[in-house]
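The chain contents come next:
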Amino acid sequence: MSKGFHRRNGALHCDGVALARVARDFGTPAWVYSQTVLEQRWRLFEKATADLDPTICYALKANSNQAVIATFAALGAGADIVSAGELARALAAGVPAKKIVFAGVGKSEAEMAMALEAGILQFNVESAPELARLSAVAQAMNTTASVAIRVNPDVDAKTHRKITTGKSENKFGVELAQARELAIAARRLKGVRIEALSTHIGSQITDVTPYRAAFRRVADLAKALRADGVALKRLDFGGGLGVVYRDETPPDLKAYAAAVRAAMKGTGFGLVLEPGRWLVADAGLLLARVEYVKQGTAKRYAILDAAMNDLIRPTLYEAWMPIEPVAKPRAGRKLPYDIVGPVCESGDFFAHDRQMPKLAEGDLVAVRQAGAYGSVMSSTYNARPLAPELLVKGTKIAEIRGRQSVEALIALDQLAPWQAGKSRRGK
Ligand code: LLP
């Protein structure tokens, strides 16, 4: 049996499971993940960075289904989290608190307290006021927070502007010069101990040069701080490694690890890495059905039963995602399609003018590379319930999140007390 997503007799399969069968049994739209691919990606990442002995903190935001987190936790993963919700998810899936790093520019007091209570590895602090607040919260709890100052190295990651995070005009991190002052001043602050520097310059990075520049700047600052007498233990180089959606040429793991190695060399610091997309993008797809094919004078539309509320990446980032028919592609000339959803917005699209084998009503299609930043970014816009998530391993398939029912969606709301009795519901 071939592993992962592949074609057998022309038809798309995940391990030993035909996607046509998945659609029949679970309906569409649906997210399908391959546990085999998740595990493969983890092992590849681990192997390529083994000599650096990193704590690999999976960036939960890419895909935070409990079954996905648990897959990585079973292989020894830590977690990179950005909210109390993600903290709870990581802990519930079995990630040890001592392998959790907490990033984000707006941590609330309650979130800080929860993470201190859990005993996480480090808070990646992104501003002076945040450090002051963390100091106060930790003191009130009679404890000390381990802190990494998140440095904004002012390096252009050369990725989409909405996912670049390491330029001085981005809200993230503390500017290089200020970071040094902050780390030194922090020695007088009770309740916090500066143990690390962290950085994360962006996502879907396809060029290794910005990585090299950022890592070097952070490592140089760490060395300077050590000379200042700040006893740093670790460097955290974030995530961001790109994957191939179309024709990108992201650095391979070897080149990425070499960039990390170059900056770490001779420093004696420990290492944290926070990969997200690279571990999960490949491992998932969005399965959808063609509801209609509509022929206009200027355009030919394939209207799917999935929409921007399910997968927002194309419209939010102008992201090009691979789309394939699930059945053996029809022979003959490819035709350009606008592949769209049923949501009432012109921004509801998966692809424009995409050359596809001929499509027909009822066909199944797969949006590939959708394991990262797919389901996690879904909404219920247009009162469209959240699509189910399914995990395949070998010939087995399991629902790891059921399809939300319309009733469950409506039940999230309630009438105000003064509306009681006036509801027409049930009449
Ligand atoms: N660490 C930090 C502090 C981050 O902010 C992120 C992602 C990561 C790690 C993981 O980055 P990755 O390895 O996944 O690139 N929704 C966007 C991507 C947003 C990324 C946000 N931060 C998309 O669909 O492209």
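Attention in this report is confined to the structure presented alongside it. (Residues numbered from 1 in each chain as written. Predicted model: local features only at pLDDT ≥ 70, side-chain atom pairs only at ≥ 80, totals over all residues. Heavy atoms only, no water.)

## Description of the site of the ligand
In the neighbourhood of the ligand, 19 residues make up the surrounding shell, with S203, E274, R313, Y317 and Y373 lying closest. For the ligand, an oxygen atom lies 2.7 Å from a polar atom in the backbone of R277. At a separation of 2.6 Å, an oxygen atom of the ligand approaches a polar side-chain atom of R313. Burial of the ligand by the surrounding chains reaches 92%, relative to a free accessible area of 590 Å². Taken together, the residues of the shell around the ligand break down into seven nonpolar, six polar and six charged. If you count residues domain by domain, the shell around the ligand takes at least three from each of domain 1 (5-32 + 281-411) and domain 2 (35-280). (Near = heavy atom within 4 Å. Polar contact = N/O pair within 3.5 Å; in protein donor to acceptor, adjacent residues only side chain to side chain. Areas by Shrake-Rupley, 256 points an atom, 1.4 Å probe, with all protein chains shown as cover. Nonpolar A, V, L, I, M, F, W, Y, C, P; charged D, E, K, R; others polar. Domains from an automatic or database assignment.)

## So, the pairing of strand β17 (residues 335-340)
With five of its six residues buried, β17 lies for the most part within the structure. Inspection of the sheet shows strand β15 (residues 300-304) paired to β17 by three bridges, in the parallel sense. Looking across to β17, one finds that A302 is bridged to I339. (Buried < 20%, exposed > 50% of the residue type's maximum accessible area, 1.4 Å probe, protein only. Helix = DSSP H or I, 4+ residues; strand = E, 2+ residues; numbered from the N terminus. Pairing = 2+ DSSP bridges.)

## Digging into the pattern of salt bridges
If you walk through the whole model with that rule in mind, you get 21 salt bridges. With a closest N to O distance of 3.0 Å, R193 and E195 form a salt bridge. Here E195 falls in the buried class, since its relative accessible area comes to 5%. One salt bridge in this structure joins K299 and D338, with 3.2 Å as the shortest N-O distance. Of the two residues, K299 is situated in the loop between β14 (284-295) and β15 and D338 in strand β17; the sequence distance between them amounts to 39 residues. Overall, the relative accessible area of 5% leaves D338 in the buried class. (Salt bridge = Lys/Arg side-chain N within 4 Å of Asp/Glu carboxyl O.)

## Brief notes about the packing of helix α8 (residues 208-227) against helix α9 (residues 253-264)
Contact pair α8 / α9: the axes reach a minimum separation of 8 Å and the direction vectors enclose 20 degrees. In this view, α8 runs roughly parallel relative to α9, as classed from their interaxial angle. For α8 against α9, the interelement crossing comes out right-handed. Of the residues in α9, those in contact with V208, Y211, R212, F215, R216 and A219 of α8 are A255, Y256, A259, V260 and A263. Residues that form the contact of α8 with α9 fall into these classes: nine nonpolar, no polar and two charged. (Axes fitted to C-alpha atoms, helices over the stretch in contact; angles between N-to-C directions. Parallel < 35°, antiparallel > 145°, perpendicular 65-115°, else oblique. Left-handed = near helix turned anticlockwise from the far one by under 90°. Contact = heavy atoms within 4.5 Å.)

These figures capture arrangement, not role.
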